[in-house]
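So the chains spell out like this:
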Amino acid sequence: MASETTQLGFWARVQRASVERLHIRLESLVVLLALSTAMALLSPYFLSLSNFLNILLATSTIGVLAIAATFVIGSGGLDLSLGSVMGLAGVAGAFVAVNLGWPSVLAVIACILAGAIAGYINGQLVTRAFVPAFIVTLGMLGLARGLALVISQGRAIYGLPPEIVYIGQGRPFGIPMPVIILVLTAIVAHMVLAYTRFGRHTLALGDSEGAARAAGIRVEHHRRIIYTLSGALAGLAGLLFTARVNAGDPTAGINYELTAITAAIIGGTNLFGGRASILGTMIGALIMGVLQNGLTLLAVQSYYQQMAIGGVLILAVFIDQYQVRKESRV
Amino acid sequence: MTLLSLHGIRKSFGAVDVLHGVDLSVAAGEVVGLVGDNGAGKSTLMKTITGIYRADSGSIEFDGKDILALDPGQRRRLGIEMIYQDLSLAKQQDVASNIFLGREPTKRLFGLFPGFVDKSEMDRQAARMIERLGAHLPSINRSVGSFSGGQQQTVAIARALTFNPKLVIMDEPTAALAVREVQSVLDLIRRLRSEGIAVILISHRLNDVLSVTDRIVVLRHGRADADLVTAKTNMNEVVSRIVGGGDIAAAAAHEQRG
Ligand SMILES: Nc1ncnc2c1ncn2[C@@H]1O[C@H](COP(=O)(O)OP(=O)(O)OP(=O)(O)O)[C@@H](O)[C@H]1O
Ligand SMILES: [Mg+2]
């Protein structure tokens, strides 16, 4: 044990410690710093407190979705419906608040419940109908988006009550509400994934379903909870987005699953499950946020931003799998 | 006293009929060898005992209780442990995580929030368990996928023994082990018997089976074809019951040499 540790170089030791104790990849922190430095050099506006808060605010929705992606992918699953379910949830909340005129609390509940129900259906189909997660959630991507358009009759729902708008635009202590909600969600999610039995079983399940089953974990039941949780988090993201833009937009969240999954993978989540950390995912989400913010400041068209995100996803998976093969484990 | 009794266990996978009515009983503290050809259904039979597979028909009683309707977790809690042939380890998790998977000890975080896994306690107990087995692992904080086959087998054995089982099923526990480690597993089985723990040992190494068991059950054509008292049988008989006709003498001679 001791002899092995001394054989490793300093860098490798720091790396191992950060991966094992803090559950993050050092490379992703380096990328974040390098990217931020580059942006700061390229744009005079980048390094300001207001832009920093802007980045965090823009990251909050993606961040919540990325937490959902981390749980699902860590458990060996996949949720491609995140962006659509987020759109559906936002519309559902706006419909309850505006069209039905119900109290804001019910609108908030409607957002999260709509997401949870969509996630629950995903979980049922994956575990009972033996349809692969990829297909189930791809189907849900279409279903949820279509339902959002049906409910809203294809138009954004305006006129949200002030309590809801405060969730998206309020700034207690100068910090945007969505940022506060993201940070709190991330802290709870980190605790759950890294330190509770539920979190450990999630990763064990993604690592080897057979081992989890042999250990007596109720594999299907656990998967259904994960997909429901994922949907509920997409619902929360829908609430944050709807409140921020002050409208229930049926086209909200298109392609967001792409960014969320990319953030999770950059953060060190194994695409095939078994390894994941919320801290890492948050760094991944920040990288995506800085990238988008920087490209916007540099007046790069959003079409190219989309291409950049897709490229980063493939690159992140390539680097991850390259390292796995190099260490030749698993 | 009978600890485990199976009656008329049947199991098929689609068109493949594997078990057609197996009867088997194991007494507390008894060591039973289960032998048979490749594909005879040994692993399948054991998985119906641990609950990974559900028997198509038949009954399973453990400790006087009908356990047929219980899931694997509930059966583990009753004291049935198994070392699977494929080991069933979570390769990216470390030693303690594997040993305690599904039964992690918890503590309160900051003395307030319950339900947090007590990792340091897990590590401590895991290290003690590995030491008790007389095994050597490079580090208990490494993912078990980075270990050698024999080291992984040690982890699987430790997992089966940590929670005071009443019955330990070992499916080829020595397949990946060196000579010295094989001996320590055989010693371990003897120690378990002296502590009153029953063992079902599946192995193709008939010398080991003959040296450590009280009884040997031969699985053939989907049935428990022979039930031999180890003290009253020998290599020739066991081999002939496994192959059942054909070139028995040659097979026996081969086993004796090997
Ligand atoms: N999950 C499964 N699906 C379909 N067929 C299976 C399955 N598991 C086992 N079988 C079949 O059941 C038969 C018995 O397999 P089993 O693994 O129980 O044999 P075994 O006696 O343990 O053999 P070995 O000595 O090689 O380990 C084989 O023909 C195998 O192909
Ligand atoms: Mg077998």
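Residues numbered from 1 in each chain as written. Chains lettered and ligands numbered in written order. Predicted model: local features only at pLDDT ≥ 70, side-chain atom pairs only at ≥ 80, totals over all residues. Heavy atoms only, no water.

1. Re the domain arrangement of chain B
Residues and elements named next belong to chain B.
Piece 1. Looking at chain B, the domain boundaries give domain 1 (1-79 + 167-197 + 205-258) and domain 2 (88-163).
Piece 2. Relative to domain 2, the C-alpha centre of domain 1 lies at a distance of 27 Å.
Piece 3. Across the contact, 13 residues belong to domain 1 and eleven residues belong to domain 2.
Piece 4. For the pair domain 1 and domain 2, the summed buried area comes to about 910 Å², and 52% of that belongs to carbon and sulfur atoms.
Piece 5. Contact with domain 2 buries area across many residues of domain 1, yet Arg76, Ala176 and Leu188 alone supply 45% of it, more than any other trio.
Piece 6. Summed over the shared surface of domain 1 and domain 2, the result is zero salt bridges.
Piece 7. If you look at where domain 1 meets domain 2, you find five residue pairs in polar contact (both at pLDDT 80 or more).
Piece 8. Looking at the side of domain 1 that touches domain 2, the elements that each hand over two or more residues are α2 (72-78) and α6 (179-194).
Piece 9. With four residues, the single largest contributor to the side of domain 1 that touches domain 2 is α6. (Domains from an automatic or database assignment. Contact = heavy atoms within 4.5 Å. Buried area = accessible area lost by both parts, 1.4 Å probe. Salt bridge = Lys/Arg side-chain N within 4 Å of Asp/Glu carboxyl O. Polar contact = N/O pair within 3.5 Å; in protein donor to acceptor, adjacent residues only side chain to side chain. Helix = DSSP H or I, 4+ residues; strand = E, 2+ residues; numbered from the N terminus.)

2. Brief notes about the pattern of salt bridges
Piece 1. Evaluation of the coordinates by the stated rule reveals 18 salt bridges over all chains.
Piece 2. A salt bridge links B:Glu121 to B:Arg124, with the nearest nitrogen and oxygen atoms 2.6 Å apart. You can see B:Glu121 and its partner B:Arg124 sitting in helix α4 (residues 119-132), three residues apart, about one turn around the helix.
Piece 3. A salt bridge links B:Asp225 to B:Arg220; its shortest N-O distance comes to 3.9 Å.
Piece 4. Using a relative accessible area of 18% as the deciding quantity, one classes B:Arg220 as buried.
Piece 5. It is possible to trace a salt-bridge network through shared partners that takes in A:Glu209, A:Arg213, A:Glu220 and A:Arg223. (Buried < 20%, exposed > 50% of the residue type's maximum accessible area, 1.4 Å probe, protein only.)

3. Some details on the sheet that holds strand β5 (residues 65-66) of chain B
All names here are of chain B.
Piece 1. Read from one edge of the open sheet, four strands run β2-β1-β4-β5, paired in antiparallel fashion. Each end of this open sheet is capped by a strand with a single partner; those strands are β2 (16-27) and β5.
Piece 2. Sheet topology note: the strand β1 (residues 2-13)/β2 ladder contains nine bridges and is antiparallel. Residue pairing in the sheet places Lys11 in a bridge with Leu19 of β2.
Piece 3. Lying over the sheet, helix α1 (residues 42-50) contacts β1, β2 and β4 (57-62), oriented at roughly 120° with respect to β1. (Pairing = 2+ DSSP bridges. Axes fitted to C-alpha atoms, helices over the stretch in contact; angles between N-to-C directions.)

4. What about the site of ligand 1?
All names here are of chain B.
Piece 1. The immediate surroundings of ligand 1 are formed by 13 residues, with Gly39, Lys42, Ser43, Thr44 and His204 found nearest.
Piece 2. Take Lys42: an N or O atom from its side chain is 2.7 Å from an oxygen atom of ligand 1.
Piece 3. Side-chain polar atom of Ser43 to an oxygen atom of ligand 1: 2.7 Å apart, as the coordinates give it.
Piece 4. Broken down by element, the shell around ligand 1 gets its largest block of residues, three residues, from α1. (Near = heavy atom within 4 Å.)

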